[in-house]
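Architecture and fold: a report
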Amino acid sequence: EDQVTQSPEALRLQEGESSSLNCSYTVSGLRGLFWYRQDPGKGPEFLFTLYSAGEEKEKERLKATLTKKESFLHITAPKPEDSATYLCAGKSGTYKYIFGTGTRLKVLA
Amino acid sequence: ETGVTQSPTHLIKTRGQQVTLRCSSQSGHNTVSWYQQALGQGPQFIFQYYREEENGRGNFPPRFSGLQFPNYSSELNVNALELDDSALYLCASSLGEGPGANVLTFGAGSRLTVL
């Protein structure tokens, strides 16, 4: 069965304290690994897509990496505005995205 | 460029009632999918519509149904509401093909509470 598991469930960081979020996946016919950011009361907002092991993408303080079984979202020197829930999703086949339960990140000033 | 808009934003229903949720897709997007997000959980795929046809469905019963209109807007209908249907319902649009076809653009959701 297709599955995406994220850890930790919640993470509290001090401003400037770098860390990584983990996404383990088992998705048949994987057609991309996606990272989204979700703020309270809003829909998920697209961050990155990764397609093959070894691929990396960066955006401001965020960097996403992909292996054959896991993806990591590295947050370098986070700021309070980076506080959100980060969702990982694997695309199975042509239309179905399997989401993890997310990591709730809180960055303290 | 307008994003994905959903209505209503919040609604309360009682068990057994029916509900219709609406979604306007992002300009230029011809594919719409619906997701259910329970509190503290990730979104769960309900179904996808492409060119007015359902072309994929998740593990949801038939009382969850939908429509896509010629302008690519969409509706989600849920009959015989149950307490467990309480959730945030997210609509996402995307391009059906070409660069960027994989990226989902989500609306802010419709928060449904079933009493």
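You'll find the structure just up there.
Please read these numbers as outputs of a predicted model, since none were measured by experiment.

Quick look at the environment of Val107(A) now. Tracing the backbone through its elements, the reader meets Val107(A) in strand 11 (residues 103–108). For the pair Val107(A) and Thr76(A), spaced 31 residues apart in sequence, the C-alpha separation works out to 12 Å.

So, on to the side chain of Asp82(A). Residue and element names in this part refer to chain A. Looking at the element boundaries, Asp 82 is found in the loop between strand 8 (70–75) and strand 9 (84–92). On the basis of relative accessibility, which here comes to 7%, the residue Asp 82 falls in the buried class. Residues within four places of Asp 82 in sequence aside, it is in contact with Arg 37, Arg 61, Leu 105 and Val 107.

What follows covers the packing of aromatic side chains. Ring pairs (aromatic) are described by centroid distance and by the angle formed between their planes. All names here are of chain A. Going through the model one piece at a time under the given rule, you end up with eleven aromatic pairs over all chains. Relative to Tyr 97, the ring of Phe 34 has its centre 5.2 Å away and its plane inclined at 65 degrees; by these criteria the two rings are edge-to-face. Taken together, the residues span a long stretch of sequence, with Phe 34 in strand 4 (residues 30–38) and Tyr 97 in strand 10 (residues 96–99) at a distance of 63 residues. Pair check on accessibility: Phe 34 and Tyr 97 agree, each one buried. Relative to Phe 99, the ring of Tyr 36 lies with its centre 5.9 Å away and its plane at 50 degrees, an arrangement referred to as tilted. Placement of Tyr 36 in strand 4 and of Phe 99 in strand 10 is noted, with a sequence separation of 63 residues between them. A relative accessible area of 8% places Phe 99 in the buried class.

Let us now look at the interface of chain A and chain B. On the chain B side, the residues contacting the 19 residues of chain A number 19 residues. Surface buried jointly by chain A and chain B totals about 1,500 Å² across both partners, of which 55% is contributed by carbon and sulfur atoms. Looking only at chain A, the three residues that lose the most surface to chain B are Tyr95(A), Tyr97(A) and Phe99(A), adding up to 37% of its buried area. Run the count over chain A and chain B and you get two residue pairs in polar contact (both at pLDDT 80 or more). Elements supplying a minimum of two residues to the side of chain A that touches chain B: strand 4, strand 5 (45–50), strand 9 and strand 10 of chain A. Considering each element in turn, the side of chain A that touches chain B owes the most residues, four residues, to strand 4 of chain A. Its residues assigned to classes, the side of chain A that touches chain B shows nine nonpolar, six polar and four charged.

Moving on: the sheet that holds strand 3 (residues 19–24) of chain B. Residues and elements named next belong to chain B. If you walk across this open sheet you meet the four strands as 1-3-8-7, and the pairing is antiparallel. In this open sheet, the two strands that pair with only one neighbour each are strand 1 (5–7) and strand 7 (64–68). Averaged over all neighbouring strand pairs, the angle between strand axes comes to 15 degrees, with direction disregarded. In terms of strand pairing, strand 7 meets strand 8 (residues 74–78) through five bridges, oriented antiparallel. From the neighbouring strand, Gly 66 faces strand 8, where its bridge partner is Leu 76.

Here we take up the state of the cysteines. Residues and elements named next belong to chain A. For the structure shown, the criterion picks out two disulfides over all chains. Shown here is the disulfide that connects Cys 23 with Cys 88, its sulfur atoms set 1.9 Å apart. Measuring handedness by torsion sign, the sulfur bridge of Cys 23 and Cys 88 sits at about -60 degrees and is left-handed. Of this pair, Cys 23 sits in strand 3 (residues 19–26) while Cys 88 sits in strand 9, and the two are 65 residues apart along the sequence. Classification of Cys 23 as buried rests on a relative accessible area of 0%.

Cut-offs and rules
- Residues numbered from 1 in each chain as written.
- Chains lettered and ligands numbered in written order.
- Predicted model: local features only at pLDDT ≥ 70, side-chain atom pairs only at ≥ 80, totals over all residues.
- Heavy atoms only, no water.
- Helix = DSSP H or I, 4+ residues; strand = E, 2+ residues; numbered from the N terminus.
- Buried < 20%, exposed > 50% of the residue type's maximum accessible area, 1.4 Å probe, protein only.
- Contact = heavy atoms within 4.5 Å.
- Phe/Tyr/Trp six-rings, centres within 6.5 Å; stacked < 30°, edge-to-face > 60°.
- Buried area = accessible area lost by both parts, 1.4 Å probe.
- Polar contact = N/O pair within 3.5 Å; in protein donor to acceptor, adjacent residues only side chain to side chain.
- Nonpolar A, V, L, I, M, F, W, Y, C, P; charged D, E, K, R; others polar.
- Pairing = 2+ DSSP bridges.
- Axes fitted to C-alpha atoms, helices over the stretch in contact; angles between N-to-C directions.
- Disulfide = S-S within 2.5 Å.

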